[in-house]
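Here are the chains, one letter per residue:
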Amino acid sequence: MTGDPSTFDRRLIAPMIVGSVLNPINSSMLAVALIPIGAAFGVSPSQTAWLVTGLYIATAVGQPVMGRLVDLFGPRPLYLIATSLVGVAGLLGALAPNLGVLVASRVLLGLGTSAAYPAAMSLIRSEADRTGMATPAGILSSLSVPNQVIAVIGPTLGGLLIGLGGWHLIFTMNVPLSVICVVLGSLWLPRRARSRGAGGLDYVGVALFTTTLVALMLFLMQPRLSRWYVLVIALVLGVSFVITQLRVMAPFIDLRVLGGNRPLILTYTRQVLAFVGAYSFLYGFTQWLEEARGLSASSAGLLLLPLSLAAVLVTLLTGRRAQIRGKLVAGSICLVVAAAAQLLVGPSTPIWILAVVGVVAGVPQGLNNLANQTALYQQADPARIGSSAGLLRTCVYVGALISAAANAHFFQHGATTAGLHEMAIFLLVIAGLLVLVTFRRLPE
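Just so it is clear, the model here is predicted, and its values are computed rather than measured.

> Help me understand the overall build of the protein chain in this model?
The helix and strand tally for the protein chain stands at 20 helices and zero strands. For the protein chain, with 444 residues in total, the buried portion stands at 59%. Summarising the internal contacts of the protein chain: among those between residues at least 6 apart in sequence, 85% fall at separations of at least 24. Element-wise, carbon and sulfur atoms account for 71% of the exposed surface of the protein chain, whose accessible area totals about 16,600 Å².

Structural data, given as structure tokens:
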């Protein structure tokens, strides 16, 4: 890299930021598009939930795979190939003739958005080693803040795009974003980056992890006693995955390292629980606003703007501080309050009260991800920072998958107020678990 050897090469920031926001923008914009897509194809919310599930199964697998490949081959080639796929997925989704093709485009989109974050964390670690920065809180914040901003303004942006040209636009916009990533990456990402990893890619581990997730989601999307065999298949595949990971020299997910790093395990656990709460609110509350409260997609998106502003403001105020403890405590408690607030809303609840509920829900979204990202940076083995960062994102998508299953279950007869209140009780349980895990062992 060129420039002052004591300072972070800021040319890297633009491609890191644009690449890392591809997933949150596609995740959050879809929240207001599920009802219009369901109406366009004549399907129920339990079926459109596969648009969420398809993306997150792909990213749950793709993030650690791409992270491992980043560790092996460096960030540049993986970043360029993966972000190119995002443009292809955008075109496929915009032209999709049916729900099946649309789900396929979301799967491809998930794979395409999986490389940017592990690549960014690898570059940050390399630059920190080069410049002697212990914990580059400012750089981590510059990566986290845009993700938070995009994730929380996504519903508003999605609603505006749907109002302008229909739900197809939320897929079409991936084409220019893909081009921007490829251009920035080609110009500024280092052509040669030191490889930190050893060994190769564990294909058997990837296959078992993927099939375990798919089987588990097939059961959770329709949890009936008559389908007990699907859960048994998921458990068998999961046990097989654990056994193989403990036996191979270069596992897909190094469970032995995790077994000796309890703080990192707790960080991953907090991330899963935090994003079960975040995505359950994002998708559940938004669908209820459109179907039960009777708002249009554009209006629902605008109503979530206070949530966006709260999350952005909290992130900006706390982002440059490396301390973790206070963020985690406040984030977990606010999630409890947000879940409880959903029990009190109904079809006649005034709009301003719904906006206040959104503000409360925005605070934990602005705190939890940033705190866990900083914790991971401090706790992970530097030689596996790419795959460790990928696994942190996998935890995000496991949380999203759980929320998608809950959404399909509680809204199987439509996004009703009764379903929203059942979802709120589920969220209270999740938030309570997050509080327990947070206070179990807090990083400084």
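> Quick question: what am I supposed to make of helix α6 (residues 99–112) here?
Given 3.6 residues per turn, any residue in an α-helix points the same way as the ones three and four places further on. Across its 14 residues, α6 extends 20 Å between first and last C-alpha, which sits within 8% of the 20 Å expected from 1.5 Å per residue. Among all positions of α6, only L99, L102, V103, S105, R106, L109, G110 and G112 are buried. Those residues of α6 hidden inside the fold are in contact with α2 (22–29), α3 (34–41), α4 (45–73), α5 (75–94), α9 (169–172) and α10 (174–188). Looking at where α6 begins, the residue whose side-chain oxygen comes 3.1 Å from the main-chain nitrogen of G100 is N98.

> Explain the environment of S122 to me, please; I cannot follow it from the model alone.
Within the secondary structure, S122 sits in helix α7 (residues 116–131). In the structure, S122 is positioned 47 residues away from P75 in sequence and 7.1 Å away in space, judged by C-alpha atoms.

> Looking at this structure, how should I read the nonpolar core?
Within soluble globular proteins, side chains that are nonpolar tend to cluster in buried spots. Counting residues in hydrophobic clusters, the biggest one holds 102 residues, and the most contacted among them are I37 and Y56. Those residues within four positions of I37 in sequence are excluded, and the remaining contacts are L30, L51, L99, L102, W167 and F171. F285, L295, A406 and F410 belong to the second-largest nonpolar core, a separate cluster that totals 24 residues.

Conventions we followed
- Residues numbered from 1 in each chain as written.
- Predicted model: local features only at pLDDT ≥ 70, side-chain atom pairs only at ≥ 80, totals over all residues.
- Heavy atoms only, no water.
- Helix = DSSP H or I, 4+ residues; strand = E, 2+ residues; numbered from the N terminus.
- Buried < 20%, exposed > 50% of the residue type's maximum accessible area, 1.4 Å probe, protein only.
- Contact = heavy atoms within 4.5 Å.
- Areas by Shrake-Rupley, 256 points an atom, 1.4 Å probe, with all protein chains shown as cover.
- Expected span 1.5 Å × (residues − 1).
- Polar contact = N/O pair within 3.5 Å; in protein donor to acceptor, adjacent residues only side chain to side chain.
- Core = buried A, V, L, I, M, F, W, Y, C linked by side-chain atoms within 4.5 Å.

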